[in-house]
Amino acid sequence: MAQALIVVDVQNDFCPGGALAVPGGDEIAAPINAMMDDYDAVILTQDWHPAGHSSFASSHAGKAPFETIGMPYGPQVLWPDHCVQGTNGAAFHPDLRTDGDLIIRKGFRAAIDSYSGFFENDQITPTGLEGYLRSRGITRLTLVGLATDFCVAFTALDAARLGFEVKVELSACRAIDLNGSLQAALSQMEAAGVAFRS
Ligand code: VGL
Ligand code: ZN
């Protein structure tokens, strides 16, 4: 029963000084590094948007960051421009170990966002992560990273739905917390059978 550590979006734009800074985002790099050797596989996800991505408020006339709009696949929060492919903001935080086994990039299709490491926000377009984990015999996942209430939560919920045993190490996560999104995400994860460690 192999187990993997999934390190979600520990990138400069989600850390203090970045375009979509998550408070304390940089604090989790060292504890995550220390966890890495305890797992059979370490997988990093990387938010990786083309310029002009449809999740950016700047792509929608008259819209401001943190407003929600309707997209063909459902409601979508609009964000400041962030994690644009090839920019320093999209790079992993310099303190993070990046010698893991696999890097999954997501959010690279202009018309659709991807919070989860498994599926884009339409819930059906796969990233390939499920197949990678299954072909390596990995059944147990521990999730850490940014942001607790968006990409970590969406990844955890998809993993639970796919039948993986999922833990979220909350001490190595930090949240955006937009209009109660952290509490909502924690409740949804708990209801889905996700375990918490802190
Ligand atoms: C994320 C908002 C937009 C995340 C990514 O990593 O939680 N949040 N893109
Ligand atoms: Zn994004």
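Up top you'll find the structure we're talking about.
## Structural notes on the environment of G17
At step 1: Topologically, G17 is positioned in the loop between β1 (2-8) and α1 (29-35).
At step 2: The spacing of G17 and V77 is 60 residues in sequence and 21 Å in space, taken between C-alpha atoms.

## Observations concerning the pattern of salt bridges
At step 1: Per the stated rule, a full pass over the model turns up 11 salt bridges.
At step 2: D158 is the salt-bridge partner of R161, the closest N and O atoms lying 2.8 Å from each other. With R161 and D158 both in helix α3 (residues 148-161), this residue pair falls 3 residues apart, about one helical turn.
At step 3: Taking relative accessible area as the criterion, R161 reaches 48% and is therefore assigned partly exposed.
At step 4: Under the relative-accessibility criterion, D158 is labelled buried at 5%.
At step 5: For R197, the salt bridge identified is with E169, shortest N-O distance 2.9 Å. Pair noted here: R197 is in strand β8 (residues 195-197) and E169 is in strand β7 (residues 165-174), with a separation of 28 residues, a long-range link.
At step 6: Judged by relative accessible area, which is 36%, R197 ranks as partly exposed.
At step 7: Overall, E169 belongs to the buried group, its relative accessible area being 7%.
At step 8: Each of D9, D47 and K106 takes part in one network of salt bridges that share partners.

## Describing the packing of α3 against helix α4 (residues 181-191)
At step 1: Where α3 contacts α4, the two axes come as close as 9 Å, and the packing angle between them is 10 degrees. It follows from the interaxial angle that α3 and α4 lie roughly parallel. Considering only the axes of α3 and α4, their crossing is left-handed. Of α4, the residues touching α3 (which contributes T148, D149, F150, A153, A156 and L157) are S181, L182, A185, Q188 and M189.

Cut-offs used in this document
- Residues numbered from 1 in each chain as written.
- Chains lettered and ligands numbered in written order.
- Predicted model: local features only at pLDDT ≥ 70, side-chain atom pairs only at ≥ 80, totals over all residues.
- Heavy atoms only, no water.
- Helix = DSSP H or I, 4+ residues; strand = E, 2+ residues; numbered from the N terminus.
- Salt bridge = Lys/Arg side-chain N within 4 Å of Asp/Glu carboxyl O.
- Buried < 20%, exposed > 50% of the residue type's maximum accessible area, 1.4 Å probe, protein only.
- Axes fitted to C-alpha atoms, helices over the stretch in contact; angles between N-to-C directions.
- Parallel < 35°, antiparallel > 145°, perpendicular 65-115°, else oblique.
- Left-handed = near helix turned anticlockwise from the far one by under 90°.
- Contact = heavy atoms within 4.5 Å.

Read these as geometric descriptors, not functional statements.
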